[in-house]
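Spelled out from the first residue to the last, the chains are:
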Amino acid sequence: MALDETGTEPDAEVGGAPQTGKRAGSGPENGVAVAFGRQLKLLRVRAGLDRTEFGKRVGYSAQSIASFEQGRRIPQPAFIDDADAVVDAGGLLLTLKDEVVRAQYPAFFRDMAELEARATAINVYAVSAVPGLLQTAEYARAVFQMQRPLLDDEVIEQRLEARLLRQEIFDRKPAPLMSFVVEESVLRRPIGGRETMRGALEQILLVGQLRNVEIQVMPMDREDHAGLGGPFTLLDTDKGHRIAYTEVQDDSRLYTDVRKVRELEARYGILRAQALTPSESSALIVQLMGEA
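Residues numbered from 1 in each chain as written. Predicted model: local features only at pLDDT ≥ 70, side-chain atom pairs only at ≥ 80, totals over all residues. Heavy atoms only, no water.

Trainee: How would you summarise the overall build of the chain if you had to cite specific residues and measurements?
Mentor: Secondary structure summary: the chain contains twelve helices and seven strands in total. Sorting the 292 residues of the chain into buried and exposed places 49% on the buried side. If you sum the accessible surface of the chain, you get close to 13,900 Å²; carbon and sulfur atoms cover 50% of it. (Helix = DSSP H or I, 4+ residues; strand = E, 2+ residues; numbered from the N terminus. Buried < 20%, exposed > 50% of the residue type's maximum accessible area, 1.4 Å probe, protein only. Areas by Shrake-Rupley, 256 points an atom, 1.4 Å probe, with all protein chains shown as cover.)

Trainee: Give a detailed account of the side chain of Asn123, specifying residues and quantitative values.
Mentor: Looking at where Asn123 falls in the secondary structure, it is placed in strand β2 (residues 121–126). Once you skip the residues sitting within four places of it in the chain, Asn123 turns out to touch Ser179, Phe232, Thr233, Leu234, Arg242 and Tyr268. (Contact = heavy atoms within 4.5 Å.)

Trainee: So what's going on with the environment of Arg163? Residues and values would help.
Mentor: Here Arg163 shows up in helix α8 (residues 153–166). In sequence terms Arg163 and Thr136 are 27 residues apart; their C-alpha atoms lie 9.5 Å from each other.

Trainee: So what about the pairing of strand β3 (residues 177–183)? Which residues, and what values?
Mentor: For β3, the tally of buried residues reaches six of seven residues, placing the bulk of the element in the interior. Sheet analysis places β2 next to β3, joined by six bridges and oriented parallel. By the bridge assignment, Ile122 is partnered in β3 with Met178. As defined by bridge partners, β3 adjoins strand β4 (residues 213–218) across six bridges and the pair is classed as parallel. Each residue of the ladder has a partner; that of Ser179, found in β4, is Glu214. (Pairing = 2+ DSSP bridges.)

Trainee: Kindly report on the pairing of strand β5 (residues 232–236), identifying the contributing residues and their values.
Mentor: Summarising burial for β5: five of the five residues are buried, a large majority. Relative to β5, β2 is paired through five bridges, and the arrangement is antiparallel. Note that in β5 the partner of Ile122 across the bridge is Leu235. Summarising the sheet, β5 and strand β6 (residues 242–248) pair through four bridges and their orientation is antiparallel. In the sheet register, Leu234 faces β6, and the bridge partner there is Ala244. Connecting β5 to the antiparallel partner β6 that follows it, the hairpin turn spans five residues, and Gly240 within it adopts a positive phi of roughly 90°.

Trainee: Lay out helix α10 (residues 194–208) with the relevant residues and their values.
Mentor: Relative to the 21 Å expected for 15 residues at 1.5 Å per residue, α10 spans 21 Å between its end C-alpha atoms, a close match to the ideal helical length. Where α10 is concerned, the buried positions are Thr196, Met197, Ala200, Leu201, Ile204, Leu205 and Val207. For α10, the elements touching its buried residues are α7 (137–145), α9 (184–188), β4 and α12 (278–291). (Expected span 1.5 Å × (residues − 1).)

Trainee: Residue-level account of the nonpolar core, with values.
Mentor: In terms of nonpolar packing, the biggest core is built from 45 residues, with Leu134, Tyr139, Phe170, Met178, Phe180 and Leu187 touching the most fellow members. The biggest single contributor to this core is α10, with six residues. Other than its neighbours up to four places away in sequence, Leu187 contacts Val182, Met197, Leu201, Ile204, Val217, Ile285 and Leu288. Residues Leu43, Val58, Ile65 and Ile80 belong to the second largest nonpolar core, which totals 18 residues. (Core = buried A, V, L, I, M, F, W, Y, C linked by side-chain atoms within 4.5 Å.)

Trainee: Go over the packing of helix α2 (residues 51–58) against helix α3 (residues 62–69) with me, naming the residues and quoting the values.
Mentor: One can describe the packing of α2 onto α3 by two numbers: an axis separation of 8 Å at closest approach and a directional angle of 100°. Regarding the angle of α2 to α3, the classification is roughly perpendicular. Residue-level inspection shows Arg51, Thr52, Phe54, Gly55 and Val58 of α2 in contact with α3, the latter providing Ala62, Ile65, Ala66 and Glu69. Taken together, the residues that form the contact of α2 with α3 break down as five nonpolar, two polar and two charged. (Axes fitted to C-alpha atoms, helices over the stretch in contact; angles between N-to-C directions. Parallel < 35°, antiparallel > 145°, perpendicular 65-115°, else oblique. Nonpolar A, V, L, I, M, F, W, Y, C, P; charged D, E, K, R; others polar.)

Below you can see the structure in the form of structure tokens.
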């Protein structure tokens, strides 16, 4: 399943030699969260605030503050901004914000998440679940709850917040060009139940109406199919490079090698030609909503 859900950018982004299959992201997931939490607690205590009073000032419960301080939950960027001001940190917490934002994602996805947030174009081929950029909160929560081994409740909430944060890309100016090819089987699989799936289909229709977004469905009755190699994403960076991303079983790769990227570009072009048109795809999704 593509969690359509990354340390440093690929070497091609910083002037190094192109890499074929660079592994995306590494290291412990919560190290940054623990360091941030310790700093937050020290600054809160220095400011003479208990967790309840501090929580009131930043709009969180004392329990949430405890989770942040113990590194069990990763805060959103807006919390870091507010917390820095409330404890008069002088920007100390703000210096950690970028790393804290990265730590919201599983290690294998951190590089990709960072590149995605600044991309000028994104092309996604999805085979197992609705792409993360198109998911509703209910659908995303169901996806995380189904993962095995089971995720802790706090990890689920953290990853849910991170996934929804990624969707702020739709409000970005200038807007990136975005294309999705989604297998029909994905839209027929009622992850989270019928009502959750109906909401997910409605969300796909709404996003598909944006001028910078095209969504196509690959019908199940196609005899010719170029995507049997699995899901992938093509991404144009803000520095003018095109990168390919693949993921399977939480093992991901970022490709900058020209030959590999062009191979996947050609494959995506064929997939778009084999899939239903955007208008035909919308009609099918409406039909599926009636069946959900």
